[in-house]
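The residues making up each chain are set out below.
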Amino acid sequence: MTAPLLEIENLSVSFPTGKGGRATVVRDLSYRLDAGETLAVVGESGSGKSVHALALAGLLDPAARIDSGIVRFAGRDLLQLDPAALRDIRGREIGFVFQDPMTSLNPVLSIGRQLAEPLTRHLGLKGGALRRRLVELLELVGVDRAEQRLKQFPHQLSGGQRQRVMIAIGVACNPRLLIADEATTALDVTVQAQIVDLLRDLKARLGLTLLWISHDLGVVARLADTVQVMYAGGVVERGPVDAVFHDTRNAYTLGLLRSLPEGASGGRLQAIPGQPPDPAALSPGDPFAPRNCWATARCHVERPPLRQAEDAADGHLVAAWYDLRRILAEEARP
Ligand SMILES: Nc1ncnc2c1ncn2[C@@H]1O[C@H](COP(=O)(O)OP(=O)(O)O)[C@@H](O)[C@H]1O
Ligand SMILES: [Mg+2]
């Protein structure tokens, strides 16, 4: 058995609601990520994907409160570290790539300055060693004319190139874990595919462990080993990519798959009805129940726990009170 690089136990995060209460946006989240594994965390906007990632990196908005949880990274509990120790890990052992390269790169600083920052801060590189590493990094992520690029500013690069620079910053110090949050969301489809290929390539070359966060289940199959679907701050299904895509056990996961343009499930394009829930007004039941035409009476009153799916692949977990396999088998009957 491989050792987990990252292990999250019962993480809950809340925000004040403005009405004196608090809304729990990450709820009792537990999972592990093994060294070398690529885990994709997917779910609609607002499901708590970013907040959970920011929590583990100590980058939460000051209004947020971590109500419970342990985040073990390479044996240390990140939530117990002092800010300086956490800053040391961040950028060095854990790299980040965020969604929008235009807002993540500083428009008034050259590419070289921004790429140098983690190298200077964490590794103390300067002079010729720093320059060599800058060029090497840009070449690693496929940015052409590296020497020249270092002097340029973000607006002089295309969206795809800016995202490559962001990735170069993320991997600059050879982190053990790279967290990519909506790293391809702002890009058009062709560039998206190139960035996914780049990450796959880097993962193999640098031995990275990758936490890939996206609202888009579409790109996940090409990249991830394991998929974890989040809804209303919790995990509703998790398992090997193939199992989640082809032996789907949760109605929300199925909804995401059926709303993919390329129809992983027979080509019918169907949007999930209704709206994502308001975390400040969650009922005690399965949070997806109001949008789920197969919800049972129990779904409306009791939140289902995440547990091993019946007759499923190892590590294929589902939270559901209904039996989706049976429902789909009945639907398929003439
Ligand atoms: N700074 C904040 N203040 C208040 N609420 C927030 C803040 N950041 C996120 N939230 C709320 O937390 C929930 C989860 O957000 P987030 O993790 O960003 O979702 P996503 O899955 O799209 O990344 C959402 O309901 C969002 O409105
Ligand atoms: Mg997000």
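Residues numbered from 1 in each chain as written. Chains lettered and ligands numbered in written order. Predicted model: local features only at pLDDT ≥ 70, side-chain atom pairs only at ≥ 80, totals over all residues. Heavy atoms only, no water.

1. With respect to the layout of surface pockets
As a reminder of what qualifies: Buriedness for pockets is judged along seven lines, at least five of which must meet protein on both sides within 12 Å for an open set on the 1 Å grid over protein atoms alone, while cavities are sets there where a 1.4 Å probe fits but cannot get out, and lining residues have an atom within 4 Å of a point. Grid points are joined across faces, edges and corners, and a volume is the space filled by probe spheres set on the points. For the purposes of this entry, the term helix denotes a DSSP run of H or I that reaches at least four residues, the term strand denotes a run of E that reaches at least two, and both are numbered from the N terminus. In this classification, the charged set is Asp, Glu, Lys and Arg, the nonpolar set is Ala, Val, Leu, Ile, Met, Phe, Trp, Tyr, Cys and Pro, and all remaining amino acids, among them Gly, are polar.
A volume near 470 Å³ is recorded for the largest pocket. Taken together, 20 residues make up the lining of the largest pocket; nearest its centre are Gly-91, Glu-117, Pro-118, Arg-121 and Ile-169. Elements represented by at least two residues in the lining of the largest pocket include exactly strand E6 (94-97), helix H4 (111-123) and helix H7 (159-171). Within the lining of the largest pocket, the residues separate by chemical class into eight nonpolar, seven polar and five charged.

2. Observations regarding the sheet that holds strand E5 (residues 76-77)
Here is the rule we go by: The rule for pairing is simple: two strands pair if DSSP sees at least two bridges between them. It only takes one pair of heavy atoms within 4.5 Å for two residues to be counted as in contact. Each axis is a line fitted through C-alpha atoms, taken for helices only over the stretch in contact, and angles between the N-to-C directions span 0 to 180 degrees.
The strand order across the open sheet built from four strands is E2-E1-E4-E5, with neighbouring strands paired in antiparallel fashion. Either end of the sheet is taken by a strand with one partner, and the two such strands are strand E2 (22-34) and E5. Relative to strand E4 (residues 65-73), strand E1 (residues 4-16) runs antiparallel, the two being bridged by seven bridges. The residue bridging Val-13 from the neighbouring strand is Ile-66, located in E4. Each of E1, E2 and E4 is contacted by helix H1 (residues 49-57), which is oriented at about 110° to E1, the strand it contacts most.

3. Digging into the domain arrangement of the chain
The test is simple: An automatic or database domain assignment supplies the start and end points of every domain. Each of two parts loses accessible area, computed with a 1.4 Å probe, when they are put together; buried area is these two losses added. Whenever Lys or Arg places a side-chain nitrogen within 4 Å of a carboxyl oxygen from Asp or Glu, that contact is recorded as a salt bridge. Contacts described as polar in this section are N or O atom pairs within 3.5 Å, which, within protein, must combine one atom able to donate a hydrogen with one able to accept it, while residues neighboring in sequence count only if both atoms come from side chains.
Split into domains, the chain comes out as domain 1 (4-224) and domain 2 (228-332). Contacts between domain 1 and domain 2 engage 26 residues on the former and 21 residues on the latter. Across the domain 1 to domain 2 interface the summed buried area is about 1,800 Å²; carbon plus sulfur atoms make up 62%. When the buried surface of domain 1 facing domain 2 is broken down by residue, Arg-27, Glu-44 and Leu-217 rank first, second and third, together holding 34% of it. In this structure, the connection of domain 1 to domain 2 is made through one salt bridge. Across the pair Arg-291 and Glu-44 runs a salt bridge whose closest N-O atoms are separated by 3.1 Å. Taken together, domain 1 and domain 2 are joined by eight residue pairs in polar contact (both at pLDDT 80 or more).

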